[in-house]
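# Coordinate inspection notes
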Amino acid sequence: MFKQLNQSNYYPWFIFGIALFLYLANLGGNSIYILDEAKNATCAAEMLERGDWVVPTFNQELRTDKPPLHYFFMMVSYSVFGVTPFAARFFSAIFGALTILISFLFVRRFHSEKAALWTSFILLSSIHLSIQFHLSVPDPYLIFFFTASVFSFYAAVKEKKLIYLLALYLSVGLGTLSKGPVAIGLPGLIFLLFLIFSKRLNWKELKQLRPFSGAVLVLLIALPWYILVHLKTNGQWTDGFFFKHNLGRFSSEMEGHGGIFLLTILFVLLGLFPFAVFIVQALKHAWKNRKSDFILLNLVAGLAIVIFFSISRTKLPNYTVPAYPYFAALLGVWLSQLSFKTAKPKASMITLLVVGLILVPALYIGITFDPALAHLRNQAFFFLPIPVGFILAYFLFTKNQLQKALRVAGISCMLAAMSFAFIVFPKVDQENPVAKSLHLVKGKEVRYYGKFNPSYAYYLQHELVEVEPNSFSEFFENYPDGVIISTKRRIEKVDLPANCEISFSARDILETPTTVLITKK
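The protein goes by 4-amino-4-deoxy-L-arabinose transferase-like glycosyltransferase in an unreviewed UniProt entry, where it is assigned to Sunxiuqinia elliptica.

### Focus on helix α21 (residues 433-441)
Those residues of α21 that sit buried are P433, V434, S437, L438 and V441. All buried residues of α21 project into a common sector of 140° when viewed along the axis, lining one side. Packed against the buried residues of α21 are β3 (446-448), α22 (455-460), β5 (483-487), β6 (500-507) and β7 (514-520). Backbone nitrogen of V434 and a side-chain oxygen of the N-cap are separated by 2.9 Å at the start of α21; the cap is N432. Residue G443 follows α21 closely and has a positive phi angle near 80°.

### A word on a negative patch on the surface
On the surface, E61, E463, E466 and E468 cluster together to form a negatively charged patch. Structurally, E468 can be placed in the loop between β4 (465-466) and α23 (472-478). Residue E468 is classed as partly exposed on the basis of its relative accessible area, which comes to 41%.

### Focus on the pairing of β6
Pairing of β6 with β7 involves 7 bridges; the strand directions are antiparallel. What sits directly across from S505, in β7, is V516. Linkage of β6 to β7, two consecutive antiparallel strands, is achieved through a turn of 6 residues, within which L510 is found at a positive phi near 70°.

### Remarks on the pairing of β5
Most of β5 is tucked away: 5 of the 5 residues are buried. Residues V483, I485 and T487 line one face of β5 and the alternating positions I484 and S486 line the opposite face, and both faces are buried.

### Topic: unusual backbone geometry
For the bond from F273 to P274, the omega torsion is 15°, close enough to zero to count as cis. You can see P274 is positioned in the loop between α14 (262-271) and α15 (279-288). You will see that N26, though not glycine, has its phi angle at about 50°, which is positive. If you trace the backbone, N26 turns up in the loop between α2 (11-24) and α3 (35-50). The backbone phi angle of K160 is positive, close to 55°, even though this residue is not glycine. By the secondary structure assignment, K160 is in the loop between α8 (139-159) and α9 (162-179). Of the residues examined, K160 reaches a relative accessible area of 45% and is grouped as partly exposed.

### Brief notes about a nonpolar patch on the surface
On the surface, a cluster of nonpolar side chains totalling about 410 Å² of accessible area is made up of I350, V354, L357, I358 and I391. For the nonpolar patch, the element with the highest residue contribution is helix α18 (residues 346-368), accounting for 4 residues.

### Some details on the nonpolar core
Y23, M349 and Y456 are the most contacted members of the largest nonpolar core, which totals 162 residues. Leave out the neighbours within four places in its chain, and Y456 touches P433, V434, S437, L438, V441, Q461, L464, I485, T515 and L517. Y449, V467, V516 and I518 belong to the second largest nonpolar core, which has 11 residues in total.

Parameters at a glance
- Per-chain numbering applies: the sequence of each chain, read as written, is numbered from 1 onward.
- Only residues with pLDDT of at least 70 are given local features in this predicted model, and only at 80 or more are side-chain atom pairs given and counted; all residues enter the totals for whole chains, interfaces and linings.
- Side-chain numbers come from the whole structure's heavy atoms, not from hydrogens or water.
- Classification of residues uses two cut-offs on accessible area relative to the type maximum, computed with a 1.4 Å probe and protein chains only: under 20% is buried, over 50% is exposed, and between them is partly exposed.
- Comment: elements are numbered from the N terminus, with helices defined as DSSP H or I runs of at least four residues and strands as E runs of at least two.
- Directions drawn from the helix axis to the C-beta atoms are what define this arc.
- In what follows, a contact means two residues having at least one pair of non-hydrogen atoms within 4.5 Å.
- As used in this structure description, the phrase polar contact means that two N or O atoms lie within 3.5 Å; if the pair is within protein, one of them must be able to donate a hydrogen and the other to accept it, and residues adjacent in sequence are counted only when both atoms belong to side chains.
- Grouping into patches uses exposed residues only, defined as over 30% relative accessible area, and leaves out salt-bridged ones; the cut-off is 9 Å for like charges and 5 Å for nonpolar side chains (Val, Leu, Ile, Met, Phe, Trp, Tyr).
- Areas reported as accessible are Shrake-Rupley estimates using a 1.4 Å probe. Residue values count occlusion only from the protein chains shown.
- Between Lys or Arg on one side and Asp or Glu on the other, a salt bridge is scored when a side-chain nitrogen of the former is within 4 Å of a carboxyl oxygen of the latter.
- In this tally Asp and Glu are treated as negative and Lys and Arg as positive; neither His nor the chain ends contributes.
- Where a charge lies is defined by one atom per residue type, namely NZ (Lys), CZ (Arg), CG (Asp) and CD (Glu).
- Only strands joined by at least two bridges in the DSSP assignment are considered to pair.
- We define the nonpolar core as a collection of buried residues of types Ala, Val, Leu, Ile, Met, Phe, Trp, Tyr and Cys that are connected through side-chain atoms lying within 4.5 Å of one another.

Following this line, the structure appears as structure tokens:
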């Protein structure tokens, strides 16, 4: 039986199952709190409540940040599981597991099974990917359809089959409903660069790709919703999304998320850790073998994404995640062709060892410096699988067992990701001001002034109306048990009426504001 299960035709099932296990781990065990999560999850809940599949709203006000595909999937999930954190994140985990699966299948088909196994192992070892696929945000959907579009393009070029062309344009269309024009422009740039560098940019090749028919299919998938939301909102959604959240984010720094161009490279290195320590060797190998179409495609795709977002003025760690499958494939190819008996990547292994040795002390000290989390500093020890694994990996390396060393390093990161999901983050989550204060606002008349943590809207499941400072007294006269939510910075600029006071104050975990609750004295 076990010999049968070890046959290669079972590998896709194993890989998908492992990915699903990792990304479903404690999926509903933490509250919907992180700003983007809360807004996305609340928006989908409001759309479901209204039975509205067109106009996205947060707190019943138009939300122009993102297209609707992730809202649609969350609405379906809510209909099955109820409006819960698990339901909000369910399809993020599904699309995460599918991303790992198609990466394996693609590399196996167009390179080798050994390279495919390493590619999927590298992706599964990424703690950042595990976190990303645990969130109710649009990125898991974009990552999957972006990856599917690039892989389908290559398959269409190499095998000239209609099914791959359909998969290509279907993926681009759904990607456009996931996050907008970036799902057209960036894959399009990758396709163009690949055709140029592989010397395929000619009319015959372009004709076989059927770009005009493909454009029609993409428009048929994506355009109806964009037209409907434009008409239903009198163009407000179109202006907000395309000019503020696309052109605005690319041309100017938004919400304090800026930095030098090297920041995007750092994001990728951290995101692909621990195997990022070999990225220089993998890229050198890829450059030497760039005449291989498979190598060229992954090299072009990975670098194009990193360079594109290096130029962007707004920089976030999730922006470069679509590059991970391509760099993982290059790493996988390098590892599959490496002679483990003779290879001596000492500098890379020493880097791995050093990171392992300093990780827990660094986390311990870093948490101590945060007054809101200092009492949780012992949570740093739950990351011990990484230093233990890296020390063992280095020992195996010194015994000329590099292949085992890399497996141990990867598995230790998977264990750390599980530890984070089940132990560390739930403890941190309990410290967020919404979790601490929700019992103080549930069942009461609630207003807000200036700004409020969006998680309140998700858990209260009704519109929060803004109230101005000159109406505070009147509000508390009408609702003696009422609560006004705001932030410390905004309330400091207000002279509170004599009949009210700040009854709760806590800094938002992972965010900059301090949440305050104002109640009647």
